[in-house]
Structure formats: structure tokens, C-alpha cells
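Examining the three-dimensional arrangement
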Amino acid sequence: MAIDRTGLAEFLRRRRESLQPTDVGLPLGQRRRTSGLRREEVAALCHMSTDYYSRLERERGPQPSEQMIASIAQGLHLSLDERDHLFRLAGHNPPTRGEVSTHISPGLLRILDRLHDTPAEIVTELGETLRQTALGVALTGDTTSYSGPARSLGYRWFTDADTRQLYALDDHPFLTRMFVSGLREVATLRGPGSRAAHLADLLLARSEEFRQVWNHHEVGIRPNEVKHFVHPELGVLELTCQRLVDPDQAHSLLVYTAIPGSESHEKLQLLSVIGTQTLR
């Protein structure tokens, strides 16, 4: 497919001008002379230089890669149809939709952008973190930084001892069964050759503990609503998890809250102040 530079530039400009800072979680600010977002704001949202993005709007520069187009689609909060249109304008075939997609719906992003004072994250059905709030990073670390199979929390549970330190010791036996049960259900749902089936094969080869629990064939073990996180500075936080599901993309928005007035609520307030700093 050939790139449509004019169409691409016009589409990007229109989408940028149609968005307000508050639509993407940015402060409104003052003295805005342009309608919609500034180019430098879009570039920051898309994790690229302002010069690179500006050249696209001016019909210049090399053909953007699929990775760049995916980043722009997410930064501009495009719908799936708009994302696919953007890929075609850039001369690429659109990515697959459904369970393997990492494109977050604009609706979930708008909600996440407004959760400034709450730990929250958007995850795939395999427990891969796609986006976190700042307080979410402060609670569990940046779980978007993993690559390969380690992107999955369930995979890290059996292959990375540090992962278990984030959760209360008494919850470990249940979490072990839950991760195995969940992976078995997704692998069966998606079938042989799926990413879930591949993860299961990797874990069967690497973890004796996983093999033993897998052979029990348990299914239907659902996450507890109340979770016990262990923060290295603040200790145990008892948080309630609410889940909002996007069935079209097999993504979930997880929001963690504490009972007002509780010790965990006070710890969350302190966490919002210290962020990822240490108290020592």
C-alpha cells in the first residue's frame, strides 16, 4: 500500500484540532491561540519529537512505521475505525482487532485520564498492563515496561520472585490457583496457537509449581474484590478493585480504592505525595 501524504496530513490535523486538552488528561492552560491541541502536546502524547510529528502534518519526512502510527492512534484517542483508517493512509495494513490488540478504546482512556488520585491500570486478558495512572506506578512500579512473555503478570508470578513481593504472603496460594485457572480458560477460549496457549507452554516448561497446579484442571477461580498489596515503604494496603470491561478489545480498566478513613486510605494519600520516592 502506498502512503497518502495529503490524506494523512489532513486527517491528523483534523483529529488534533477536534481534541481539547481535557479530552486527553491535560490541563487546559491559558492563552491558547490554536483550536484543539498543539502539535507539541500531540507529540508528547505519542512519545515522539515535535519535529517528527509536525513533518507528518506538513506532508514531509519518511513513511512512518507501523509502530509510529500505532502510537499516534493511541495518542490521539482514535476509535478502532479511525485507527484502521490512519494505518491505511500511512500505507500499512491495519492491525488485527480483538484479543491480541493493544489499542485502548477512547472511552477507557478518557476514564483513566481522569483518575489522577487513584491507582488504576488498563490490562489485557493475559494481565499485560497497557497503561497506568501515576499512583498506579507508585503502588506497583511501572508494569508497562516489561517485554515478551514477561508482560503478563501471570507469567511473572511463576518466573520472577520479585513479583510476589508486591502481594501479601497469605494471598499467594490463592493467587497461584487463580492465575493458572485464568490462563487455562483463556487458552481454551482462544484455542491452540493463541498467545495464551503459548504462555501456558512456556510456563509448563519453566515452572514445576505451574505444572502441578495446571494438572488440577481448575477453572472458574475469580479474583477477589479486596486485594492486599505490599508497598516497600508503606507496608500492606487493603484495596478494593473495581473492573470495567471493554469486550470488543478484551481489555479491562482496574481501579483500586480504599475505604475512607481506613489505614489503607491514609497510606494511599501518603503514596500520592511520595510517589515512587523512598522514605529513607
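Refer to the preceding data block for the structure.
Residues numbered from 1 in each chain as written. Predicted model: local features only at pLDDT ≥ 70, side-chain atom pairs only at ≥ 80, totals over all residues. Heavy atoms only, no water.

So, about the pairing of strand β5 (residues 251-257). For a regular strand, the rule is simple: side chains alternate between the two faces of the sheet. A large share of β5 lies buried, amounting to 6 of its 7 residues. The sheet contact formed by strand β1 (residues 120-124) and β5 spans 5 bridges and is antiparallel. Looking at β5, one finds that T124 is bridged to H251. Inspection of the sheet shows strand β4 (residues 235-246) paired to β5 by 7 bridges, in the antiparallel sense. Counted as the bridge partner of L244 is L253 from β5. Once β4 ends, the chain turns through 4 residues before running back antiparallel as β5, passing A250 with a positive phi of about 55 degrees. (Buried < 20%, exposed > 50% of the residue type's maximum accessible area, 1.4 Å probe, protein only. Helix = DSSP H or I, 4+ residues; strand = E, 2+ residues; numbered from the N terminus. Pairing = 2+ DSSP bridges.)

The terminal C-alpha atoms of helix α10 (residues 172-190) lie 27 Å apart, and with 19 residues this matches the ideal 27 Å at 1.5 Å per residue to within 8%. Taken together, the buried positions of α10 are occupied by H172, L175, T176, M178, F179, V180, S181, L183, R184, V186 and A187. Next to the buried residues of α10 lie α8 (153-159), α9 (161-164), α11 (195-206) and α12 (208-214). (Expected span 1.5 Å × (residues − 1). Contact = heavy atoms within 4.5 Å.)

Let's shift gears to the nonpolar core. Of all hydrophobic cores here, the largest spans 36 residues; its most connected members are F158, F179, L183, F210, L239 and L271. With 7 residues, the top contributor of residues to this core is α10. Those residues in contact with F179 that lie beyond four places of it in its chain are L153, G154, W157 and F158. The next biggest cluster of nonpolar side chains, apart from the first, holds 22 residues, and it includes L12, V24, Y52 and Y53. (Core = buried A, V, L, I, M, F, W, Y, C linked by side-chain atoms within 4.5 Å.)

Contact pair helix α1 (residues 5-18) / helix α5 (residues 80-89): the axes reach a minimum separation of 9 Å and the direction vectors enclose 150 degrees. Both α1 and α5 take part in a crossing whose hand is left-handed. Every residue of α5 that contacts α1 at G7, L8, F11, L12 and R15 is listed here: E82, H85, L86 and L89. A per-class count over the contact of α1 with α5 returns 5 nonpolar, 2 polar and 2 charged. (Axes fitted to C-alpha atoms, helices over the stretch in contact; angles between N-to-C directions. Left-handed = near helix turned anticlockwise from the far one by under 90°. Nonpolar A, V, L, I, M, F, W, Y, C, P; charged D, E, K, R; others polar.)

Okay, the side chain of T143 next. Examined against the element boundaries, T143 turns out to sit in the loop between α7 (134-140) and α8. Among the residues examined, T143 registers a relative accessible area of 10% and is labelled buried. Side-chain polar atoms of T143 contact the side chain of T129, separated by 3.0 Å. When near neighbours in sequence (up to four residues on either side) are disregarded, T143 contacts E121, T129, Q132 and R156. (Polar contact = N/O pair within 3.5 Å; in protein donor to acceptor, adjacent residues only side chain to side chain.)

This part takes up the pattern of salt bridges. For the structure shown, the criterion picks out 14 salt bridges. Of the charged contacts, one joins R55 and D51 as a salt bridge, the two residues approaching to 3.4 Å between their closest N and O atoms. Of this pair, R55 and D51 both sit in helix α3 (residues 50-57), 4 residues apart, roughly one helical turn. By relative accessible area, R55 is classed as partly exposed at 25%. When the shortest N-O distance is used, the salt bridge between R211 and E208 registers 2.5 Å. Residue R211 and its partner E208 are both found in helix α12; the two are separated by 3 residues, about one turn of the helix. Taking relative accessible area as the criterion, R211 reaches 27% and is therefore assigned partly exposed. Through salt bridges with shared partners, one network takes in R16, R39 and E57. (Salt bridge = Lys/Arg side-chain N within 4 Å of Asp/Glu carboxyl O.)

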